[in-house]
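Each chain, letter by letter, is given below.
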Amino acid sequence: MAIVRIPDEDRTIDDVPSIHAYLAEHGIEYERFASGGAIPTDLSSEALLARFSAKIDELKTRGGYVTADVIDVKPDTPGLETMLARFNSEHWHDEDEVRFIIEGRGLFHIHPPQGPVFAIEVEGGDLIRVPTGTLHWFDLCADRRIRAIRLFQDTSGWTPHYTQSGVDRGFQPVCFGPAFLPPTRPAASA
């Protein structure tokens, strides 16, 4: 499940209804999806797209997406640093950024027009849609692993438009994951 952190407010949001509400205020769609059981790590991209074809078709209809692919990033991915350099500087796109996370973890930083920058840590089972024109950047978590289905409104894919604002340099790509969240304590009984 995603975790939302708002560093300027020293605030963490870690329950699905509150995550939905907070992200919706910024036009970002978030949902958890059922994978239908364990997904083999060696499942081909084609088999992965086929397995989730019903959800992909639903998203295509809802958002006008015309194509989908799979990005599979591992620590030993050739040219990883160059690839990450395209993602980890503040930018925006002429189309939505849709990520259906299958495996691994990553961190979307969002820079809204009003309000503080916030981070959305995503993991397997998270589906996120960052709308057209949203200022953001993306980093991998420490394990440098993510596998996701991406949907596009243009068959050529998205093009980043970099802001050169430098805002992204003020935020560290720190992922904590659920293991670092404090346990929820039951309410005291009277």
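Everything numeric in this text was worked out from a predicted model, so none of it was measured. (Residues numbered from 1 in each chain as written. Predicted model: local features only at pLDDT ≥ 70, side-chain atom pairs only at ≥ 80, totals over all residues. Heavy atoms only, no water.)

K.L.:
What's the story with the pattern of salt bridges in this structure? I'm lost.
P.N.:
Pairs may arise between side chains of opposite charge once their charged atoms sit close together. According to the stated counting rule, one finds 17 salt bridges in the structure shown. A salt bridge links Arg 129 to Glu 29; the nearest nitrogen and oxygen atoms lie 3.1 Å apart. With Arg 129 in strand 8 (residues 126-130) and Glu 29 in strand 3 (residues 29-32), this residue pair connects regions lying 100 residues apart in the sequence. Looking at Arg 129, the relative accessible area reads 17%, which means it is buried. Through salt bridges with shared partners, a single network forms among Glu 29, Glu 31, Lys 55, Glu 58, Arg 62, Asp 96 and Arg 129. (Salt bridge = Lys/Arg side-chain N within 4 Å of Asp/Glu carboxyl O. Helix = DSSP H or I, 4+ residues; strand = E, 2+ residues; numbered from the N terminus. Buried < 20%, exposed > 50% of the residue type's maximum accessible area, 1.4 Å probe, protein only.)

K.L.:
Please explain the environment of Arg 32 as it appears in this structure.
P.N.:
Position of Arg 32 relative to the elements: it lies in strand 3. A relative accessible area of 35% means that Arg 32 is categorised as partly exposed. Along the chain, Arg 32 and Ile 128 lie 96 residues apart, while their C-alpha atoms are 8.9 Å from each other. Here the side chain of Arg 32 touches Gly 124 through a polar contact of 3.1 Å, landing on its backbone oxygen. One polar contact links the side chain of Arg 32 to the main-chain carbonyl oxygen of Gly 125, over a distance of 3.5 Å. (Polar contact = N/O pair within 3.5 Å; in protein donor to acceptor, adjacent residues only side chain to side chain.)

K.L.:
Can you help me understand the pairing of strand 8 in this one?
P.N.:
Each regular strand displays side chains that alternate between the two surfaces of the sheet. Among the 5 residues that make up strand 8, 5 are buried, leaving the element largely enclosed by the rest of the structure. Here strand 8 shows two buried faces, one formed by Asp 126, Ile 128 and Val 130 and the other by Leu 127 and Arg 129. With 4 bridges connecting them, strand 3 and strand 8 associate as antiparallel partners. When the bridges of strand 8 are listed, Glu 31 appears paired with Leu 127. (Pairing = 2+ DSSP bridges.)

These results come straight from atomic positions and should not be treated as a statement about function.
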